[in-house]
Amino acid sequence: MPTENKPVSELYSVSRMQIEHYDMSIGLRLIWLNNSQAFMFGVYSVCTIMKAPTPFLAGKELMLAMAIPFLGFATTLVTLFDIITSIIQMNKLTRNYKNANSNHEQELNFPLLHGNIMDRVMQRISPVVTALLFLAVWIFLIMYDHQLL
């Protein structure tokens, strides 16, 4: 029995495109976060391990060693907020789509707009946990540098 190709609803297409946009945005933010953190950890380690050849450079090196953890922390925190905002927006889009199509049988023929709850949770673990781990490391380094530990 041949199946009939039904046109995709405009709401489904637009909702799906917006969710894909936010999902790709999270992936790009995570890549950017990892790259920026690698740079900052590299600069921080050079500032704390290397010995400056002159007292003038030693002061600048110490200033950098104190500033880089704060910069890394702030960058991670802002990126985490961006990731969480994107997750919230994707959930709102999914709810909006479900509310708009709760009684339309045609919509049951389309794939799940945003996966089931387990799919969504598993997709969000990596970006959120990665950002939280970077935050924890920077907090530790800041506290260690300021002799709070």
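Residues numbered from 1 in each chain as written. Predicted model: local features only at pLDDT ≥ 70, side-chain atom pairs only at ≥ 80, totals over all residues. Heavy atoms only, no water.

**Some words on helix α1 (residues 10–49)**
Inference 1: Between the first and last C-alpha of α1 there are 58 Å, a value that for 40 residues agrees with the 58 Å anticipated at 1.5 Å per step.
Inference 2: Those residues of α1 that fall on the buried side of the exposure criterion are Tyr-12, Ser-15, Ile-19, Ser-25, Ile-26, Leu-30, Leu-33, Ser-36, Gln-37, Met-40, Tyr-44 and Cys-47.
Inference 3: Contacts from the buried residues of α1 go to α2 (55–100) and α3 (117–145). (Helix = DSSP H or I, 4+ residues; strand = E, 2+ residues; numbered from the N terminus. Expected span 1.5 Å × (residues − 1). Buried < 20%, exposed > 50% of the residue type's maximum accessible area, 1.4 Å probe, protein only. Contact = heavy atoms within 4.5 Å.)

**Here we look at the pattern of salt bridges**
Charged atoms that come close allow side chains of opposite charge to pair.
Inference 1: Enumeration over the complete set of coordinates arrives at three salt bridges.
Inference 2: Here Arg-16 makes a salt bridge to Glu-20, at a shortest N to O gap of 3.3 Å. Of the two residues, Arg-16 and Glu-20 both sit in helix α1, four residues apart, roughly one turn of that helix.
Inference 3: Exposure remark for Arg-16: the relative accessible area of 29% places this residue in the partly exposed category.
Inference 4: A salt bridge links Asp-23 to Arg-124; the shortest N-O distance between them is 3.1 Å. Linking Asp-23 in helix α1 with Arg-124 in helix α3, this pair joins segments that are 101 residues apart in sequence.
Inference 5: On the basis of relative accessible area, Arg-124 is assigned to the buried category, the value being 10%. (Salt bridge = Lys/Arg side-chain N within 4 Å of Asp/Glu carboxyl O.)

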